[in-house]
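Below, each chain spelled out in residue letters.
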Amino acid sequence: MEHFIFTPNVKIAIFILYSFIFILMTIIKVIQITTKKDLDNIWIRMKSFLLICVFFTAAFCFNKIVAFIFLTLISYLCLKEFLSLIPIRKTDRNVLLWAYWSIPITFYIVYIQWLTLFYLFIPLYMFILISVRMVLASNTDGFLKNLAVLQYGLMTTVYALGYLGLLAIIPLQYNPKGGAIGLLFYILVLTVSNDFMQMFCGKAFGKHKIIPKVSPNKTWEGFIGGIIGTTILSVIMAHYLTPFTLSQSIFAGAVLAMFGFFGDVTMSAIKRDLGVKDTSSLIPGHGGILDRLDSLLFTAPLFFHYFAFLNTIVISRGN
Amino acid sequence: MIYNFLKYILFCFIIKPFIYLIFGVNVSGIDNLPKIAKGASIIVANHNSHIDTLLLMSLFSSFQTIKIHPVAAADYFCNTKLKEFIFTKILGIIPISRKVKKASKEEIFKDINEKLRAGETIIIYPEGTRGETSELTKFKTGVAHIAKMNPQIPVIPCYINGPDRILPKGTFLWVPFIADVYISEPIYYDNTSTKDFTEKIQYAVEALKEEHKKREEL
């Protein structure tokens, strides 16, 4: 049974994260009791967030198989939410089952570290297979639209999330400070904190709307505040968890902040197009799992390829 | 007793994990759902798929499902010995004949009344059969007759959206989707005619359907 390696730095980072959550929750509870303000909404959000963190840590603490089953489940829930939102033709039900089966296959490919096949599986093989299966269903009404929607769903909820698994199998030699878990921790914390800082800066200083037609709550001030805050946090975390130099960590932080924002508004645009507010009500206070992971859909693949570009990673089957 | 235990195991370890993990349910108005321990109720819903029943029963705790009995067509669910055994003994359905012409109401609804008087809950689909997607056909008056015979028992209208995508009529292929259940406040029989009461129930279910449409269009 293969386990993940938690370097001392990662253990300290996880400890700091949990302390931070508990301090924040204590502050909220104290404010709620002393000023009698209605903070139930934030409290529920924090509780859900803590639960997500616990699930993630538990899955990766256990062993590699459990962690990959966990990632498969997340990807499955995302795709299911995505497909439940969109109108589906009755003739495509078979095609959808094929799409669902691509999830365990993708994560199995990552698990056995067959990188080339992972790069190709969704963008090439599933791209062809889904088209072939949909043609065989022989219903041309809305063919292109349904085909495109399904391909987009697979790219975002399966291929992009597959990169989380890919980050988790990076060998320790490429990142002696933090290991694979350090990189995963780095990107997850940065993406989530970017969302938080954007929201915070937007609420505190927000005046100029950035794309009011897509997301009326997003402002230039929040966007820039998010980039600055995330870059600072990135520099601090990169020093302890990654092999990045200062300039590399600044670049990584800025890119993650920017594309985290774009992932977020892309999902907003999709929801606005479909006329829904949340993708589902799975996580109390946050909406659906896709609402929570939307920023990660762009940042995870980008970050992996940036890291791979800097290190010319060689991961072969069985090493 | 052994059958009740089987039903508990079935719901606790197979059906509920399936419904909540593989499919997923958004419930609105869960507080309107009766506490089974406190007495009987009649759950009324639209019907598009076999999943409807499993979905409604999964809203209750596994222990409570023992006291819930879906009313189902005898000609479909009891046409072979094996099916009859599985559905009546383990799932606890109340088979009802769809083809009875003239018989006293007491006799037709004998089994249902027995269960209701024992403080148990029934699920009934007044459309009479699985209908087409997102269309409500005219309700049949059976529910109103049952409510008239048991005026103290609440009728709870529900609207279910989604199972017609998971398993539509006429297919065997299950495809995972998230389902929505809307539950409205209980209605009691109000001494009007059974026809009026049926319309009242249908109106309540249609109101829930409108609520769903509004949420979709947000």
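Predicted, not measured: the structure shown is a model, and the values here were computed from it.

A. Layout of the packing of helix α6 (residues 143-168) of chain A against helix α7 (residues 179-205) of chain A. Residue and element names in this part refer to chain A. Running from N to C, α6 and α7 point in directions that differ by 145°, and their axes come no closer than 7 Å. In contact with L164, L167 and A168 of α6, α7 contributes A180, L183, L184, I187 and L188. Each residue belonging to the contact of α6 with α7 can be placed in one class, and the counts come to eight nonpolar, no polar and no charged.

B. Broad picture of the environment of B:K148. Residues and elements named next belong to chain B. Along the chain, K148 turns up in helix α7 (residues 142-149). Under the relative-accessibility criterion, K148 is labelled partly exposed at 47%. When the C-alpha atoms of K148 and F197 are compared, they prove to be 9.2 Å apart, with 49 residues separating the residues in sequence. Look past the residues within four positions of K148 in its chain and what remains in contact with it is Y189 and T194.

C. Inspection of the interface of chain A and chain B at higher detail. Opposite the 22 residues of chain A that make contact, chain B presents 20 residues. A combined buried area of about 1,600 Å² lies between chain A and chain B, and 55% of that area is made up of carbon and sulfur atoms. For the pair chain A and chain B, the number of links is zero salt bridges. Viewed at the interface, chain B and chain A are joined by 11 residue pairs in polar contact (both at pLDDT 80 or more). Those elements that place two or more of their residues in the side of chain A that touches chain B are α3 (64-85) and α4 (93-111) of chain A. In terms of residue count, the dominant contributor to the side of chain A that touches chain B is α3(A) (seven residues).

D. Main features of the layout of surface pockets. Residues and elements named next belong to chain B. Of the volumes computed, that of the second largest pocket is approximately 1,400 Å³. Around the second largest pocket sit 48 residues that line it, and V71, A72, A73, F77 and G128 are the ones nearest its centre. Contributing elements (two or more residues each) for the lining of the second largest pocket: α1 (2-23), α2 (51-58), β3 (68-73), α3 (74-77), α4 (81-90), α5 (105-108) and α7. Considering only residue class, the lining of the second largest pocket consists of 30 nonpolar, 11 polar and seven charged.

E. View of the packing of α6(A) against helix α11 (residues 296-311) of chain A. Residue and element names in this part refer to chain A. Look at α6 against α11: their axes get within 8 Å of each other, and the N-to-C directions meet at 45°. Of the possible angle classes, the one that applies to α6 and α11 is oblique. When the axes of α6 and α11 are compared, the crossing they make is left-handed. Between α6 and α11, the contacting residues are Y152, T156, A160, L161, Y163, L164, L166 and L167 on the first element and L296, L297, F298, A300, P301, F303, F304 and H305 on the second. A breakdown of the residues in the contact of α6 with α11 according to their chemical character gives 14 nonpolar, two polar and no charged.

F. Up close: the pairing of strand β7 (residues 179-183) of chain B. Residue and element names in this part refer to chain B. For β7, the tally of buried residues reaches five of five residues, placing the bulk of the element in the interior. Where burial is concerned, the two faces of β7 agree: the one with A179, V181 and I183 and the one with D180 and Y182 are both buried. In the sheet, strand β1 (residues 25-28) pairs with β7 via four bridges, with the strands oriented parallel. Paired with S28 across the two strands is Y182, which belongs to β7. Note: strand β6 (residues 155-161) against β7, four bridges, orientation antiparallel. Bridge assignment links I160 to a residue of β7, and that residue is V181.

Cut-offs applied
- Residues numbered from 1 in each chain as written.
- Chains lettered and ligands numbered in written order.
- Predicted model: local features only at pLDDT ≥ 70, side-chain atom pairs only at ≥ 80, totals over all residues.
- Heavy atoms only, no water.
- Axes fitted to C-alpha atoms, helices over the stretch in contact; angles between N-to-C directions.
- Helix = DSSP H or I, 4+ residues; strand = E, 2+ residues; numbered from the N terminus.
- Contact = heavy atoms within 4.5 Å.
- Nonpolar A, V, L, I, M, F, W, Y, C, P; charged D, E, K, R; others polar.
- Buried < 20%, exposed > 50% of the residue type's maximum accessible area, 1.4 Å probe, protein only.
- Buried area = accessible area lost by both parts, 1.4 Å probe.
- Salt bridge = Lys/Arg side-chain N within 4 Å of Asp/Glu carboxyl O.
- Polar contact = N/O pair within 3.5 Å; in protein donor to acceptor, adjacent residues only side chain to side chain.
- 1 Å grid on protein atoms, 1.4 Å probe; cavity = no way out; pocket = protein on both sides within 12 Å on 5 of 7 lines; lining within 4 Å.
- Points joined across faces, edges and corners; volume = space filled by probe spheres on them.
- Parallel < 35°, antiparallel > 145°, perpendicular 65-115°, else oblique.
- Left-handed = near helix turned anticlockwise from the far one by under 90°.
- Pairing = 2+ DSSP bridges.

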